[in-house]
Amino acid sequence: MSLEYSKVKELELKANDIRQSIIQMLLEAGSGHTAGPLDMADIFTYLYFHALKHNPKNPTWKDRDRLVLSNGHICPVLYSTMAHAGYFPVAELKTLRKFGSRLQGHPHREWLPSLETSSGPLGSGLSQIVGMALADRIDNGRTSGKQFYCLTGDGELDCGQIWEAAMLAGKEKIQNLTVIIDRNNIQIDGFTEDIMPLNPLDDKWRAFGWHVQEIDGHNFDMIDDAVGQAHAVFDRPSVIIANTIASKGVPEFERRFEWHGKPPNKEEADLALRELRTWRGKIKGEHE
Amino acid sequence: MLNPSQKLNPKLWDKDVEQAPIRKGFGEGLLAAAESDERVVGLCADLTESTQMHLFKKKFPDRFIEMGVAEQNLASVASGMAAMGKIPFITSYAMFSPGRNWEQIRTTICYNDMPVKIAGSHAGISVGPDGGTHQAVEDIALMRVIPRMVVISPCDAIEAKKATELSVKIHNPVYIRLAKQNTPIITTLETPFEIGKAQVFFVSIDYDAVSIKKGRVGIVATGALVYKALQAARKLDAEGILVKVLNLATIKPLDTEAIETLAKETGGIVTVEEHQVAGGMGSAVAEHLAQTVPVPIEFIGVQDQFGQSGTPEELLSHYGMGETDIIEAVKRLLERKPF
Ligand SMILES: Cc1ncc(C[n+]2csc(CCOP(=O)(O)OP(=O)(O)O)c2C)c(N)n1
Ligand SMILES: [Mg+2]
């Protein structure tokens, strides 16, 4: 595949660091979301350490790609990845959700200006990225060098506004737009297919005029391949349905919707960090 | 002193006063309402447990509809069910219902005169660490501006339970505003409660003894801040300031008689709410008094700002809704009073 073996290893190590920071910051905060941030760590790592055209030292560089996190509650993964990518000190992560912190419980563009938008209330991110892409097309035409990314949850797709925006993007054939869906099969009240079935999800997007791909959201080669394909498509917006395992990386939390919106306690965090540091027991931790 | 006729919690001033989330009372009230009226149905938008609708869902699974994350649909589906004779309760966080689905509430529920009961949980700034996106401090304004809507903001879990049960007895659409966090239990099962009636919770012993209004102040409080208003009143009372505290659970329709009486007795009022000052409970009080008994008013509430992450206490004091802010407002008011 297109990614070098060494690059994959590098991304895997980075994603592991990002997951550890997520656990640490949630423990420190005493509230917040665990499942989504852990399961999106691989995709965030790929985007910030490989795909995005960005400059952490000059976050408002005008030719940067734009990335909108629509499901703002998974911001621990956004903050953790941005810190590891050099936007702000990793030490600042422990201020998450504290009074006066730039790392608000849900992302706030005014407080952390390197964010493209504020989110938390679900369903409005896709509309905003469509707006950004349309504005860019007015200024730079269809061959603009920018890519526009939007990350959404799967439960979030219950929101009608998502489909209003999907219809518009399909109509406008916004070719430099890529939506990545965290298809972890959970939302707050339970499993998505019990709460509000989304399947066949690929057909829904196709019917709205989108180029659709479905991948394993933890496989860097597949992520790379799908993002590459999305960039190559010229007549339609692209959606990547990333099948992820909720809370990926900590087997004790995995696949359980109970972990949607609670942080680990001390013991759970210790356990999670041990799992992550030893790659699930595959290697011995330095201190064991 | 606490007004004895209100039979308030005798342990209210204890350091370890019993606490419960106000939304918990809603959950219990909904269950009770559903047990006594089979027209009651429940609809929730992927927040069944945190809005406390899970008690109802467990007992009446056939009368519960899971809507997914779709608040606009939530409001209008409820309207449709009401058109067929049901009494729907719809729940989400206040920021999303009535925050996101305001027009659906206005047209499909109120304009159509449908008896839908809207419970908005996690209202106010004391939602805390979730931050400004989740802190609904505009919902009272949004709801009280719509014709027919009844707006209730209970001060504790017990009052929330009573309000929820009684909301079924009136035809109007009703908005019940609920706080997330633990809140001291102020009332008891014996405390009288009626939709549309304000209650005097605190009155200084010498309040009626003085014939002049000079030293008197009225405090009108609603929701989770009623406890802070009572604490402030107690301190002011100890300093010799004569206070009366009105618990204004029903913001609309306004208990105009109680408000006018308080204004006449005191000649000056402080309103206390966890909401934007613009359009909130204080505005409702001011709108009425400006036309009937114009008196100076001080408004405790959010001053045209968004919230942020923090603990409830940090946020309440940062945004000027702490106990000391209430005490200072009362003192400012005393300066302003012409007599
Ligand atoms: C408009 C709106 N309604 C409700 C919520 C509350 N809420 C936060 S996350 C969530 C579930 C979303 O599910 P999903 O997108 O699958 O996220 P995951 O649980 O996988 O992290 C809900 C209902 C919200 N943030 N915004
Ligand atoms: Mg999900």
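Remember, it's a predicted structure, so these values are computed and weren't measured experimentally.

Caption draft 1: Local environment of the pairing of strand β4 (residues 211-216) of chain A. Residue and element names in this part refer to chain A. Two strands pair when backbone bridges link them, and β4 and strand β5 (residues 238-243) are joined in this way by six bridges, in the parallel orientation. The partner of Glu-214 across the bridge, within β5, is Ile-241. Tracing the backbone out of β4, into helix α9 (residues 220-232) and back to the parallel element β5 gives a crossover that is right-handed.

Caption draft 2: How the structure looks around the site of ligand 1. Surveying the vicinity of ligand 1 reveals 19 residues, the closest of which are A:His73, A:Asp154, A:Asn184, A:His260 and B:Glu71. More than a single chain frames ligand 1: its nearby residues are located in chains A and B. Interatomic distance of 2.7 Å between a side-chain N/O atom of A:His73 and an oxygen atom of ligand 1. Between an oxygen atom of ligand 1 and a side-chain N or O atom of A:Asn184, the distance comes to 2.7 Å. Against a free-state accessible area of 580 Å², the protein chains account for coverage of 98% of ligand 1. Classifying every residue of the shell around ligand 1 by side-chain character gives six nonpolar, eight polar and five charged.

Caption draft 3: Just the interface of chain B and chain A, in detail. At the interface, 23 residues of chain B touch 23 residues of chain A. At the boundary of chain B with chain A, total buried surface from both sides reaches about 1,900 Å², with 52% on carbon and sulfur atoms. Linking chain B with chain A are one salt bridge, by the criterion used here. At the junction of chain B with chain A, the criterion picks out 14 residue pairs in polar contact (both at pLDDT 80 or more).

Caption draft 4: Representation of the pairing of strand β3 (residues 177-183) of chain A in the model. Residues and elements named next belong to chain A. Counting buried residues along β3, seven of its seven residues qualify, which places the element largely inside the surrounding structure. Note that strand β2 (residues 148-153) and β3 share six bridges and pair parallel. Considered in β3, the bridge of Cys-150 is made with Val-179. Each parallel crossover has a hand, and the one from β2 via helix α6 (residues 160-172) to β3 is right-handed.

Caption draft 5: Examining the domain arrangement of chain B more closely. Residues and elements named next belong to chain B. Looking at the assigned domains, one finds that chain B contains domain 1 (4-12 + 192-334) and domain 2 (19-184). For domain 1 and domain 2, the distance between their C-alpha centres works out to 25 Å. For the domain 1 and domain 2 pair, buried surface summed over both sides reaches about 2,700 Å², with 63% attributable to carbon and sulfur atoms. A salt bridge links Glu-287 to Arg-144, with the nearest nitrogen and oxygen atoms 2.7 Å apart. Across the domain 1-domain 2 interface, the total number found is 24 residue pairs in polar contact (both at pLDDT 80 or more). Looking at the side of domain 1 that touches domain 2, the elements with two or more residues in it are β9 (199-203), α7 (226-238), β12 (250-252), β13 (269-276), α9 (281-291) and α10 (312-318). Counted by class, the side of domain 1 that touches domain 2 contains 19 nonpolar, 14 polar and five charged residues.

Caption draft 6: Focus on the state of the cysteines. The full count for this structure, using the stated rule, is zero disulfides over all chains. Cysteine A:Cys150 remains unbridged, with the sulfur of A:Cys159 as its closest cysteine sulfur at 12 Å. Left without a disulfide partner, B:Cys110 is nearest to the cysteine sulfur of B:Cys44, which lies 20 Å away. Exposure remark for B:Cys110: the relative accessible area of 2% places this residue in the buried category.

Caption draft 7: Looking closely at the packing of helix α3 (residues 41-51) of chain A against α9(A). Residue and element names in this part refer to chain A. Where α3 contacts α9, the two axes come as close as 10 Å, and the packing angle between them is 60°. Comparing the axis directions of α3 and α9 gives the class oblique. The two elements α3 and α9 cross, and the hand of that crossing is right-handed. Here Asp-42, Ile-43, Thr-45, Tyr-46 and His-50 of α3 come into contact with α9, specifically with Phe-220, Ile-223, Asp-224 and Val-227. Within the contact of α3 with α9, the residues separate by chemical class into five nonpolar, two polar and two charged.

Caption draft 8: Representation of the packing of aromatic side chains. Considering all chains together, one arrives at 10 aromatic pairs over all chains under this definition. A connected cluster of aromatic rings, assembled from ring pairs, spans A:Trp163, A:Trp205, A:Phe208 and A:Trp210. The positively charged end of B:Arg63 is found above the aromatic ring belonging to B:Phe60, 4.2 Å away from the centroid. Directly above the ring of B:Tyr207 sits B:Arg216, whose terminal nitrogen or CZ lies 4.9 Å from the centroid.

Caption draft 9: Layout of the pattern of salt bridges. Residue and element names in this part refer to chain A. This model, assessed by the stated rule, comprises 32 salt bridges over all chains. Across the pair Asp-154 and Arg-183 runs a salt bridge, and its minimum N-O distance is 3.1 Å. Highlighted residues: Asp-154 in the loop between β2 and α6 and Arg-183 in strand β3, separated in sequence by 29 residues. In this structure, Asp-154 and Arg-183 share a single accessibility class: buried. When salt bridges that share partners are traced, they join Arg-64, Arg-66 and Glu-116 into one network.

Caption draft 10: Fine view of the confidence of the model for chain B. Per-residue pLDDT for chain B has a mean of 97; in total, 99% of the residues score no lower than 70. The complex prediction reports pTM at 0.97, with the ipTM value standing at 0.95.

Caption draft 11: Spatial organisation of the sheet that holds β12(B). Residues and elements named next belong to chain B. Reading across the sheet, the seven strands line up as β3-β2-β4-β5-β7-β6-β12 and stay open at both edges, with mixed pairing between neighbours. Two strands in the sheet have a free side with no partner beyond their single neighbour: β3 (64-66) and β12. Strand after strand, the sheet turns through a mean of 20° between neighbouring axes, direction not considered. Sheet analysis places strand β6 (residues 150-152) next to strand β7 (residues 174-177), joined by three bridges and oriented parallel. Counted as the bridge partner of Val-151 is Tyr-175 from β7. Of the strands in this sheet, β4 (87-93), β5 (117-121), β6 and β7 are in contact with helix α6 (residues 157-167), which crosses β7 at around 170°.

Caption draft 12: Main features of the sheet that holds β5(A). Residue and element names in this part refer to chain A. The parallel open sheet is built from five strands, whose spatial order is β1-β2-β3-β5-β4. Sheet topology places β1 (66-69) and β4 at the edges, where each strand pairs with a single neighbour. In this sheet, neighbouring strand axes are inclined to one another by 20° on average, regardless of whether the strands run parallel or antiparallel. Pairing of β1 with β2, which is carried by four bridges, proceeds in the parallel orientation. By the bridge assignment for β2, Leu-67 is matched with Tyr-149. Strand contacts of α3: β1, β2, β3 and β5, with the helix running at about 170° to β2, the strand carrying the most contacts.

What counts and how
- For every chain, the first residue of its written sequence is number 1, and the numbers climb from 1 along that sequence.
- Note on labels: chains are lettered from A, ligands numbered from 1, in written order.
- Restriction of local features to residues with pLDDT of at least 70 applies here, the model being predicted, together with a cutoff of 80 or more for giving and counting side-chain atom pairs; totals for whole chains, interfaces and linings are based on all residues.
- The side-chain numbers reported here are obtained from all heavy atoms of the structure, hydrogens and water having been left aside.
- Each pair of strands is called paired provided DSSP finds at least two bridges between the two strands.
- Secondary structure elements follow DSSP: runs of H or I no shorter than four residues count as helices, runs of E no shorter than two count as strands, and numbering proceeds from the N terminus.
- Throughout, right-handed denotes a crossover for which the path from the first strand over the helix to the second runs clockwise when the strands point away from the viewer.
- Here, proximity means that at least one heavy atom of the residue falls within 4 Å of the molecule or strand.
- We call two N or O atoms a polar contact when they sit within 3.5 Å, provided that within protein one can donate a hydrogen and the other can accept it, with sequence-adjacent residues counted only if both atoms are side-chain atoms.
- In these tables, accessible area is a Shrake-Rupley quantity obtained with a 1.4 Å probe, and a residue counts as shielded only by the protein chains included in the view.
- Asp, Glu, Lys and Arg are counted as charged, while Ala, Val, Leu, Ile, Met, Phe, Trp, Tyr, Cys and Pro are counted as nonpolar; the rest, among them Gly, fall into the polar class.
- We call two residues in contact whenever any of their non-hydrogen atoms come within 4.5 Å of each other.
- Summed over both partners, the accessible area lost on bringing two parts together, with a 1.4 Å probe, is the buried area.
- Definition used for salt bridges: Asp or Glu carboxyl oxygen within 4 Å of a side-chain nitrogen of Lys or Arg.
- Classification of residues uses two cut-offs on accessible area relative to the type maximum, computed with a 1.4 Å probe and protein chains only: under 20% is buried, over 50% is exposed, and between them is partly exposed.
- Boundary definitions for the domains trace back to an automatic or database domain assignment.
- Two cysteine sulfurs form what is called a disulfide whenever their separation falls within 2.5 Å.
- Between N-to-C directions, angles cover 0 to 180 degrees, with each direction set by a line fitted to C-alpha atoms, over the stretch in contact for helices.
- An angle below 35 degrees is treated as roughly parallel, one above 145 as roughly antiparallel, one from 65 to 115 as roughly perpendicular, and anything else as oblique.
- In this scheme, a crossing is called left-handed if the near helix is turned counterclockwise away from the far one by less than a right angle; it is called right-handed if the turn is clockwise.
- Stacked, tilted and edge-to-face are the three classes applied to pairs of Phe, Tyr and Trp rings, where Trp contributes its six-membered ring and a pair requires centres within 6.5 Å; stacked means planes under 30 degrees apart, edge-to-face means over 60, and tilted covers the rest.
- Note on criteria: charge over ring means Lys NZ or Arg CZ within 6 Å of the ring centre, with the direction from the centre no more than 35 degrees off the ring normal.
- Every residue gets a pLDDT, meaning the predictor's confidence in that residue, from 0 to 100.

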